[in-house]
Amino acid sequence: MNNPNKTSRQIMAACVVAGFVLLCDGANCLSPVWGTGLAEAADASEWPEFRGSFGRGAAEDETIRSHWSETEGIAWKVDLPGKGASSPIVVGDLVVLTASSGAREDQLHILALDKETGRTRWQRTFWATGRTLCHPTSAVAAGTPASDGRRIVALYSSCDLVAVDLEGRLLWQRNLAIEHPRSGNDVGMGSSPRIIDDTVVVQIDCQGDAFASGIDSTTGVDRWSVPRAKIAGWASPLAVTTPNHGACVLLQNSRGLELRQAKSGSLEWSWKGECAGIPVTAESGGIFYVPSDGIAAVASMAKDAPPLWRSTKLSCGIASPLVWGNSIACINRAGVLGIADPRDGQLRGQIRLAGSFWASPILVGNVIVAANKEGKTFLVSVDNEPTIVAENQLPGTFIATPAVADGSLYLRSDSLLWKVAAP
Amino acid sequence: MACFCIDPTALPRRFFLTLACLSAVIRPAISAEVPPQTMAEAISICRELSRASGPDGQADMAAKADQIAELPAEWLAPCLVAFDDATPAGANWLRSGLDRAADRFGDRLPLEELATLVGDATQSPRGRSLAFLWLTGQDRAKADGLLDTLLDDPSLDLRRQAVEKLLASAGGQEQAAHKKTYRRGLAAARDIDQIEQIVGWLAEHGEQVDVAEVLGFVRQWRVSEAFDNAKGIGFEKIYPPQTGELAQPDTSGWKAVASTDKHGAIDLNAALETKKGVLAYAVAIIEMPRAGAAQVRIGSPCAVAVWVNGLPVMAHEIYHASEAIDQYIATTDFSAGTNSVMVKCCQNEQTEPWAVDWKFQLRICDSLGLPLATQLKRAGDE
């Protein structure tokens, strides 16, 4: 049976592609113009992958409550079966997340909770088939699962990729560390999978057998697989649709960017330049905002062109940059949130938050939600100068990026998943 | 409704042959949707699942897992034996079906059958661990009661829980008995964190335990001079120590180095001098109680390669991406008595303060982590 959410998303994606075609003035048009259009189209009841629909980290039409605490404004909280740095996702009436447990962290969990009650609908556990060593700050369940509304795919640091349906039925699995014996990273892998054009894209950047693959989301068989430079990295693939090449995926490592067609894997464009290893490039209006030594704005499809601008005043630590409308925001290693104009990188304002930030900021309505590791979530108004409008403390350690759907915020600590009630 | 009667004799023979062939093709597809009718059929499907490998044909595996998910409760324990020769992918396919089946019964699983399987150490560790997990979910007291007999279990998961229970039981004991219990736990424990926990408690109570000895690290080595590894060229390059008689390496002139580290590390920065972009070889002579397969377990923040009796065992060209005891494990054959182990340990040219370490630690164990190798004192040892 077709999932209505999936269908609506397919229609939205089709509209977006159609929009590109209409916006392009001929075959030489290389600049994809999307972002705002997609934001309008995104389904507010879902948050289907890392940083939400299309990985933008933005839910402009949502509103969340401004204050909560351990005893106030919480719809439910749920004990988790293990460790995880992955974000929850929201698919239909499920909240899905991953975890790992066991003395060797080799028990890989994927669990689906009832969105309304937090009750466990189902939980599946698999044995890791690859390496499970990991830095204590991260976890084997570091990559956020992704869903196309019909299935959920989860990628673990052990390079195990599993696909289950919405009832928790295993559809297929790929034991990528067995297929690529020297893949993996004992600091822990962190890249999240993406489902783009019915293709599950995984990016395994490491010092050993580094590769990226596009896998048929129905059968679990490779559509394509390409070797990558043997460099450790933690960035996730980013879905990018271009008018000339359709659904593509942007792959980032410390030496640059690659744009590949999602279904065929064909290389459509590349850019050589310094990129950060963890925060993920953002895209808007055909410009890539690349975390590097600061931020570099790179015109997509431009051949060997220098960045449009660079700014060291705007820099990312671990958290990925956030781009929406006429703004770009980053949280640096010192916990300072900076907001700039994406047209020229000019800083419009900055504000010092507190603590360290592993989770990426997300935009909800006109507020940036920034959750620090120490459990404090800042709500920063971005109407004019960035202003902290609320600080909400929960117990525990928070390194997972929050999710938002239907006005509720989902925050994952080291042991609990909290649902902050809608206003 | 019109009824069309067909006279079979009027149809050509080829039609029936085609029909027969089609039915042969269609039957498996139909049976894939029907739960197995006998326990033997169920176990057979479980074994097919347990042999799964590779990305192709997974829809068929999913259909088989669907069949297993419909099994009656009383067949679940017998089906757990199918884990005994499971591939890594097969184990997960089988688990996915059996877990779904177990979910259907909630607290109505057959406890006695599961307990019997858990107690049978000849069965697959994975099947027994899963049985224990189901049992724990339904009757924790009954599951805990089984742990008393599992201290020396071939399942690392069950052994760990048995040790945990033993240590917890020492809480009310007077100190001499408490220590005795902890020593018993130390003999049984295989997980590093559990061993460290026990050793830490014993140390707090006046009993020092040599962790490196307990974990069986090889501590007496001969270390070569440093060779060039600028830009990482040395990892693949064959230097003189690799060109000689590797089974009986000549280490005359090499530096004798003994580890005094708690975790048996050989610090090459200290043994040679702190350098970047270099590599060194280290050779140890060990004694094995018997011939046969054993695990070489090495940990290093640097790129390492290992040979045993001249034969390559493993190579990992990874620099400064974490380090851990037993980071890399490979199984190889050893001779009874004397064996040589050679390590090539490569340092790169990273300049970050966390990329200074140039060291390794190595032990030889059985598949559960019990140390097997000993070292005789040799002339010139430190």
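As the structure is a computational prediction, the values presented were derived from the model and not from experiment.

A. How the structure looks around the overall build of chain B. The helix and strand inventory of chain B stands at 14 helices and eleven strands. A globule of 382 residues ought to have a C-alpha radius of gyration of about 21 Å, yet chain B, at 28 Å, is considerably larger. By principal-axis analysis of the C-alpha atoms, chain B measures approximately 100 × 60 × 45 Å. Restricting the contact set of chain B to residue pairs at least 6 apart, pairs at least 24 apart contribute 73%.

B. Spatial organisation of the sheet that holds strand β1 (residues 58–59) of chain A. Residues and elements named next belong to chain A. Overall, mixed pairing links the five strands, which are arranged β1-β27-β28-β29-β30 in an open sheet. Single-partner strands in this sheet number two, and they are β1 and β30 (387–393). With six bridges connecting them, strand β29 (residues 376–381) and β30 associate as antiparallel partners. In the sheet register, L379 faces β30, and the bridge partner there is A390.

C. Structural view of the domain arrangement of chain B. All names here are of chain B. Domain annotation for chain B reports domain 1 (29–51 + 60–149), domain 2 (158–209) and domain 3 (215–365). Here the C-alpha centre of domain 2 lies 33 Å away from the C-alpha centre of domain 1. Facing five residues of domain 1, the contacting portion of domain 2 comprises four residues. In terms of residue count, helix α7 (residues 125–138) provides more of the side of domain 1 that touches domain 2 than any other element does, three residues in total.

D. Quick look at the interface of chain A and chain B. Taken together, the contact pairs 26 residues of chain A with 24 residues of chain B. The element that contributes the greatest number of residues to the side of chain A that touches chain B is strand β10 (residues 170–175) of chain A, accounting for six residues. Taken together, the residues of the side of chain A that touches chain B break down into eleven nonpolar, ten polar and five charged.

E. Local environment of the pairing of strand β17 (residues 256–261) of chain A. Residues and elements named next belong to chain A. With five of six residues buried, β17 is to be regarded as a mostly interior element. The sheet contact formed by strand β16 (residues 246–253) and β17 spans six bridges and is antiparallel. Residue pairing for β17: L250 is matched across the bridge by L259. Joining the antiparallel neighbours β16 and β17 is a turn of two residues. Relative to strand β18 (residues 267–272), β17 runs antiparallel, the two being bridged by five bridges. Paired with L257 across the strands is W271, a residue of β18. Between β17 and the antiparallel strand that follows it, β18, lie five residues; G265 among them carries a positive phi value of about 80 degrees.

F. The sheet that holds strand β26 (residues 347–352) of chain A, seen in detail. All names here are of chain A. Read across the open sheet, the four strands follow the order β23-β24-β25-β26; overall the sheet is antiparallel. The open sheet is flanked by β23 (322–324) and β26, the only strands paired with a single partner. Within the sheet, the average angular offset between the axes of one strand and its neighbour, ignoring direction, is 15 degrees. With three bridges joining them, β23 and strand β24 (residues 327–331) adopt antiparallel strand pairing.

G. How the structure looks around the environment of A390 of chain A. Residue and element names in this part refer to chain A. Relative to the assigned elements, A390 resides in strand β30. Under the C-beta neighbour-count criterion, A390 is labelled partly exposed, with 16 such atoms within 10 Å. For the pair A390 and Q203, spaced 187 residues apart in the sequence, the C-alpha separation amounts to 36 Å. Contact partners of A390, with chain neighbours within four places excluded, come to S66, H67 and L379.

H. Up close: the packing of helix α2 (residues 39–50) of chain B against helix α5 (residues 88–105) of chain B. Residue and element names in this part refer to chain B. Two numbers describe how α2 lies on α5: the axes approach to 7 Å, and their chain directions differ by 140 degrees. One finds that α2 runs oblique with respect to α5. For the pair formed by α2 and α5, the contact residues are C46, L49 and S50 on the first element and G90, A91, W93, L94 and G97 on the second. For the contact of α2 with α5, the residue count by class is five nonpolar, three polar and no charged.

Basis of the calculations
Residues numbered from 1 in each chain as written. Chains lettered and ligands numbered in written order. Predicted model: local features only at pLDDT ≥ 70, side-chain atom pairs only at ≥ 80, totals over all residues. Helix = DSSP H or I, 4+ residues; strand = E, 2+ residues; numbered from the N terminus. Rg over C-alpha atoms; globule rule 2.2 N^0.38 Å. Contact = placed C-beta atoms within 7 Å. Pairing = 2+ DSSP bridges. Domains from an automatic or database assignment. Nonpolar A, V, L, I, M, F, W, Y, C, P; charged D, E, K, R; others polar. Buried ≥ 20, exposed ≤ 12 C-beta atoms within 10 Å, placed from the backbone. Axes fitted to C-alpha atoms, helices over the stretch in contact; angles between N-to-C directions. Parallel < 35°, antiparallel > 145°, perpendicular 65-115°, else oblique.

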